[in-house]
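The primary structure of each chain is shown beneath.
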There are 2 protein chains.
Amino acid sequence: MCSPHQKTTTEKSELFMSQTEFAPDQRQQIVDQLRMEIITGRIAEGMPLREVSLAERFQVSRAPIREALKQLAHEGMVESKPNCGMRVAPSSSDSMQELIIPLRQTVESFALKSIFADLSESDFEEWEFILSEMKIACETKDYASLAELDIKFHQSIISKSPEQGLMSIWITLVSRLRRHFLEGFQKPRDPMKVYYEHVAIVAMFRSGKLEPSIQALVSNMD
Amino acid sequence: MCSPHQKTTTEKSELFMSQTEFAPDQRQQIVDQLRMEIITGRIAEGMPLREVSLAERFQVSRAPIREALKQLAHEGMVESKPNCGMRVAPSSSDSMQELIIPLRQTVESFALKSIFADLSESDFEEWEFILSEMKIACETKDYASLAELDIKFHQSIISKSPEQGLMSIWITLVSRLRRHFLEGFQKPRDPMKVYYEHVAIVAMFRSGKLEPSIQALVSNMD
DNA sequence: AGTGGTCTGATTGTAAACAATTTAGCTGAA
DNA sequence: TTCAGCTAAATTGTTTACAATCAGACCACT
């Protein structure tokens, strides 16, 4: 028989580990890197993703690249055309976004409920560190980083939940809300308001009141 | 530049095409076959899935098998342990199922709304053919086939929707509801009731009334 | 000039060989 | 007996090479 070392992987998905990180899993790193670049718009919609180009860029062979692209395709980040390669998929339609937003709110509320009683000081500090980075991104109007940090914040909530598979569902949903993370920031609102929204969320978490915390979290996703 | 032939694949997912089918896509066929065998319980929970064994069984090399297993892992059907292989993942917890069921209801209702006005005779006939197979499965108490046909029925609704990505979301959800499709049939209810529930759904579709159709569909998922 | 066929370049899909990692069983000494 | 360390088998992860497929250009033919 076979029994591995420890982790029950399938969905670590640290999402955005810069290439300076050491190397827990080569392939997952590639997936997270590419996903973040697509979500934040650093890789534009419709742009083709060639296996050989990516293989050269990440200094690996085509096989890990193929698996990474496959996963991103299943998440809805890229479209695959048989025998013809992948390209960054277009954003979801308006009606799809209207479907997905409440789904996402349901999932994140569920995750928060499942962890709320066990939150510790280190959890709050982790979020507050993200907030500090978010503040800088807002002040410098670095919208790509802001989107990245916003996603990182919400993902860290999901990742704390002990429920298996929640992360996978969440990513499948959020990957189809790219426009929210780009247009949502650039256009109308003062980016600082995004920052303060998240400050309010963490502060409410610290208060220990569940229902208002869920409300704060949900209202941030509209 | 590259532009493929026609299909914008990424999610055909015929789901259960017996090995007699010709061969539009080798890999997708393997994925669908394995997924169905897991959902219907033909491959038991916790059973390891060895790449070489599957490669021999499907008469292909390890590469397509790896990609298939990767996809199933992302859907939550199998668990991956680094350097140690895949095994069929355990069913979701009760609380996860309570989360997923309403999500699934929302997704299927959305799909039905998006296609309801354009339903044609051929659509009804397709569903009624599934019903006829379902009737046989109920009469012979073939619970695995019944589960398979139940899934096939609902999936065909999703597949008719023009919305891109809906199928991917749906599969991510339904893959985690395996127990519903096994325990749900074997234990309490007379299997024939499952059949009549679906008859009622199709009949309501034919009536052209949207809201009652949604109601019928949703009530089938509890 | 327009139409059809063919050839070429590029890209993905598959297969087979190789490297790295882990588990399990065995050996041997305290 | 029990436990540490070692060896070997099994399995996955990666690289490389090869086959299949498709888009586009080129050229003959009408």
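Everything here concerns the structure above.
For every chain, the first residue of its written sequence is number 1, and the numbers climb from 1 along that sequence. Lettering for chains starts from A, numbering for ligands starts from 1, and both go in the order in which the items are written. Under the rules for a predicted model, residues below a pLDDT of 70 receive no local features and side-chain atom pairs below 80 are neither given nor counted, while totals for whole chains, interfaces and linings still include all residues. Computation of side-chain values: all heavy atoms of the structure, hydrogens and water removed.

Draft legend 1. Region of the structure containing the overall build of chain A. Only DSSP runs of H or I covering at least 4 residues are called helices, and only runs of E covering at least 2 are called strands; the numbering of each starts at the N terminus. The secondary structure content of chain A amounts to ten helices and three strands. Ordered by position from the N terminus, the helices and strands of chain A form the series α-β-α-α-β-β-α-α-α-α-α-α-α. A 1.4 Å probe rolled over the protein chains alone gives each residue an accessible area, and that area as a share of the maximum for its type sets the label: buried under 20%, exposed over 50%, partly exposed in between. A total of 222 residues make up chain A; the buried ones form 53% of that total. Two residues form a contact once any of their heavy atoms are found within 4.5 Å. Considering only contacts in chain A between residues 6 or more positions apart, those separated by 24 or more positions represent 67%. In this description, accessible areas are obtained by the Shrake-Rupley approach with a 1.4 Å probe, and a residue is regarded as covered only by the protein chains that are shown. Carbon together with sulfur atoms contributes 52% to the accessible area of chain A, which is approximately 10,000 Å² in total.

Draft legend 2. Layout of the interface of chain B and chain A. Taken together, the contact between chain B and chain A spans 41 residues of the former and 41 residues of the latter. Two parts placed together each lose some accessible area under a 1.4 Å probe, and the buried area is that loss summed for both. Buried area between chain B and chain A, summed over both chains or domains, comes out near 3,800 Å², and the portion from carbon and sulfur atoms is 62%. Between Lys or Arg on one side and Asp or Glu on the other, a salt bridge is scored when a side-chain nitrogen of the former is within 4 Å of a carboxyl oxygen of the latter. There are two salt bridges connecting chain B and chain A. When the shortest N-O distance is used, the salt bridge between A:Glu67 and B:Arg66 registers 3.1 Å.

Draft legend 3. Examining the sheet that holds strand E3 (residues 85-88) of chain A more closely. Think of it this way: DSSP has to see at least two bridges between two strands before they count as a pair. With respect to topology, three strands assemble into an open sheet ordered E1-E3-E2 (chain A), the strand pairing being antiparallel. With one partner strand each, in any of the chains shown, strand E1 (48-49) and strand E2 (78-81) of chain A form the two edges of the open sheet.

Draft legend 4. Layout of the pairing of strand E3 (residues 85-88) of chain B. All names here are of chain B. Here E3 shows a buried face lined by Met 86 and Val 88 and an unburied face lined by Gly 85 and Arg 87. With two bridges connecting them, strand E1 (residues 48-49) and E3 associate as antiparallel partners. The residue bridging Leu 49 from the neighbouring strand is Met 86, located in E3. Where strand E2 (residues 78-81) lies against E3, four bridges are found, and the strand directions are antiparallel. Counterpart to Ser 80 in the pairing with E3 is Met 86.

Draft legend 5. Quick peek at the relation of the copies chain B and chain A. When the copies are superposed, the least-squares fit draws on C-alpha atoms of residues that have pLDDT of at least 70 in both. Overlaying chain B with chain A gives an RMSD of 0.1 Å, the required rotation being 180° about an axis along which the chain moves by 0.1 Å. Such a turn and shift between the copies fits a two-fold axis. The overlap is high: 100% of the interface residues of chain B also sit at the interface in chain A, so the same surface is used on both sides.

Draft legend 6. The arrangement of helix H5 (residues 121-139) of chain B in detail. Residues and elements named next belong to chain B. For H5, with 19 residues, the first-to-last C-alpha span of 27 Å sits near the 27 Å given by 1.5 Å per residue. The complete set of buried residues in H5 reads Asp 123, Phe 124, Trp 127, Ile 130, Leu 131, Met 134, Ala 137 and Cys 138. Buried residues of H5 fall within an arc of 130° about the axis and therefore sit on the same side. Turned more than 90 degrees away from the buried face of H5 sit Phe 129 and Ile 136, all of them exposed. Here the buried face of H5 lies against helix H6 (143-160) and helix H9 (191-207). Lys 141 sits one or two residues past H5 and shows a positive phi near 55°. The length a helix should cover is 1.5 Å for every residue beyond the first. Throughout, the arc means the angular range of directions from the helix axis out to the C-beta atoms.

Draft legend 7. Just the pattern of salt bridges, in detail. Residues and elements named next belong to chain A. One pass over the structure, following the stated rule, counts 26 salt bridges over all chains. Of the charged contacts in the structure, one is a salt bridge between Arg 87 and Glu 79, with a shortest N-O distance of 3.2 Å. We classify Arg 87 as partly exposed; its relative accessible area is 28%. In this structure Glu 79 comes out as buried when scored by relative accessible area, which is 11%.

Draft legend 8. A look at the packing of helix H1 (residues 26-39) of chain B against helix H2 (residues 51-58) of chain B. All names here are of chain B. Between N-to-C directions, angles span 0 to 180 degrees; the directions come from axes that are lines fitted to C-alpha atoms, helices contributing only their stretch in contact. Orientation of H1 relative to H2, taken along the N-to-C sense of each, is 110°, at an axis distance of 12 Å. The angle between H1 and H2 places the two elements in the roughly perpendicular class. Once H1 is placed against H2, the crossing between them reads as right-handed. Packed against H1, whose contacting residues are Ile 30, Gln 33, Leu 34 and Glu 37, the element H2 presents Leu 54, Arg 57 and Phe 58 at the interface. Residue classes in the contact of H1 with H2 are distributed as four nonpolar, one polar and two charged. Throughout this description, any angle smaller than 35 degrees is read as roughly parallel, any larger than 145 degrees as roughly antiparallel, any in the 65 to 115 degree range as roughly perpendicular, and the remainder as oblique. Definitions for this section: a left-handed crossing has its near helix turned counterclockwise from the far helix by less than a right angle. A right-handed crossing has that turn clockwise. For this scheme, ten residues count as nonpolar: Ala, Val, Leu, Ile, Met, Phe, Trp, Tyr, Cys and Pro. Four count as charged, namely Asp, Glu, Lys and Arg, and the remainder, Gly too, count as polar.

Draft legend 9. Spotlight on the sheet that holds E2(B). Strand order in this open sheet of three strands is E1-E3-E2 (chain B), and the pairing throughout is antiparallel. Two strands close off the open sheet at either side, each with one partner strand: E1 and E2 of chain B.

Draft legend 10. Here's a closer look at the packing of aromatic side chains. The criterion for an aromatic pair is that two Phe, Tyr or Trp rings (for Trp, the six-membered ring) have centres within 6.5 Å, with stacked assigned to planes under 30 degrees apart, edge-to-face to planes over 60 apart and tilted to the rest. If you walk through the whole model with that rule in mind, you get ten aromatic pairs over all chains. On the basis of an interplanar angle of 85° and a centroid distance of 6.2 Å, the ring pair of A:Phe116 and A:Phe205 is categorised as edge-to-face. A residue pair is termed long-range when its members are at least 10 positions apart, and A:Phe116 in the loop between helix H4 (94-115) and helix H5 (121-139) and A:Phe205 in helix H9 (residues 191-207) qualify at 89 residues. An aromatic cluster is present here, built from A:Phe116, A:Phe124, A:Trp127, A:Phe153 and A:Phe205 joined pairwise through their rings. One residue, B:Lys160, lies across the ring of B:Trp127, its end atom 5.3 Å from the ring centre. Charge-over-ring placement is defined geometrically: NZ (Lys) or CZ (Arg) within 6 Å of the ring centre, and within 35 degrees of the ring normal.

Draft legend 11. Main features of the pairing of E2(B). The side-chain alternation of E2(B) yields two buried faces, one formed by B:Val78 and B:Ser80 and the other by B:Glu79 and B:Lys81. If you look at the hairpin formed by E2(B) and E3(B), you'll find three residues sitting between the two strands, and B:Asn83 has a positive phi there, around 60°.

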